[in-house]
Amino acid sequence: MDSITLIASVSMITAASSTCLGCVIPALAEGRAIVTGLTAIAQQPDAAATITRALFVGLAMIESIAIYCFVVSMILIFANPFWTYFASKAQGG
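On to the packing of helix 1 (residues 3-43) against helix 2 (residues 48-78), then. Two elements in contact, helix 1 and helix 2, have axes separated by 8 Å at closest approach and are oriented at 175°. Viewed along their axes, helix 1 and helix 2 adopt a mutual orientation that is roughly antiparallel. Here the contact of helix 1 with helix 2 is built from residues that sort into 19 nonpolar, 8 polar and 2 charged.

Time to look at the packing of helix 1 against helix 3 (residues 81-90). The angle between the axes and the distance between the axes are what describe a pair of packed helices. Between helix 1 and helix 3, the shortest axis-to-axis distance is 9 Å and the interhelical angle comes to 170°. Classified by the angle their axes make, helix 1 and helix 3 are roughly antiparallel. Listed contacts from helix 3 to Ser3, Ile4, Ile7, Ala8, Ser11 and Met12 of helix 1 are Phe82, Trp83, Phe86, Ala87 and Ala90. The class makeup of the residues in the contact of helix 1 with helix 3 is 9 nonpolar, 2 polar and no charged.

So, about the side chain of Ser73. Note on placement: Ser73 falls in helix 2. Ser73 sits in the buried class, given a relative accessible area of 0%. Once you skip the residues sitting within four places of it in the chain, Ser73 turns out to touch Ala15, Ser18 and Thr19.

Moving on, we get to the state of the cysteines. Scanning the model with the defined rule gives 0 disulfides in all. Between Cys20, a free cysteine, and Cys23, which holds the nearest cysteine sulfur, the sulfur-to-sulfur gap is 7.3 Å. Free of any disulfide, Cys69 has its nearest neighbouring cysteine sulfur in Cys23, separated by 8.1 Å.

Definitions and cut-offs
Residues numbered from 1 in each chain as written. Predicted model: local features only at pLDDT ≥ 70, side-chain atom pairs only at ≥ 80, totals over all residues. Heavy atoms only, no water. Axes fitted to C-alpha atoms, helices over the stretch in contact; angles between N-to-C directions. Helix = DSSP H or I, 4+ residues; strand = E, 2+ residues; numbered from the N terminus. Parallel < 35°, antiparallel > 145°, perpendicular 65-115°, else oblique. Nonpolar A, V, L, I, M, F, W, Y, C, P; charged D, E, K, R; others polar. Contact = heavy atoms within 4.5 Å. Buried < 20%, exposed > 50% of the residue type's maximum accessible area, 1.4 Å probe, protein only. Disulfide = S-S within 2.5 Å.

Without other data, these values stay purely geometric and don't point to any function.
Right, dumping it as structure tokens:
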């Protein structure tokens, strides 16, 4: 297996793993955050506005993890700096 095929294979596997984990783990975290927020609102209805505001900020931060994983996957697939480097080395440059 030449170096370009190896880099392509590793990049695709890493991109797939990043996308899978970047979707599943934040989804589980968001579900747990919502359950905890709703439980807190049920116990303290007077603090619903404060809890809701904090919940939305937390959900936005959790969702940013999924977006970062997506960005890393897209970089690995479409703008991988390793492919350019190894392609130039394979061509004798």
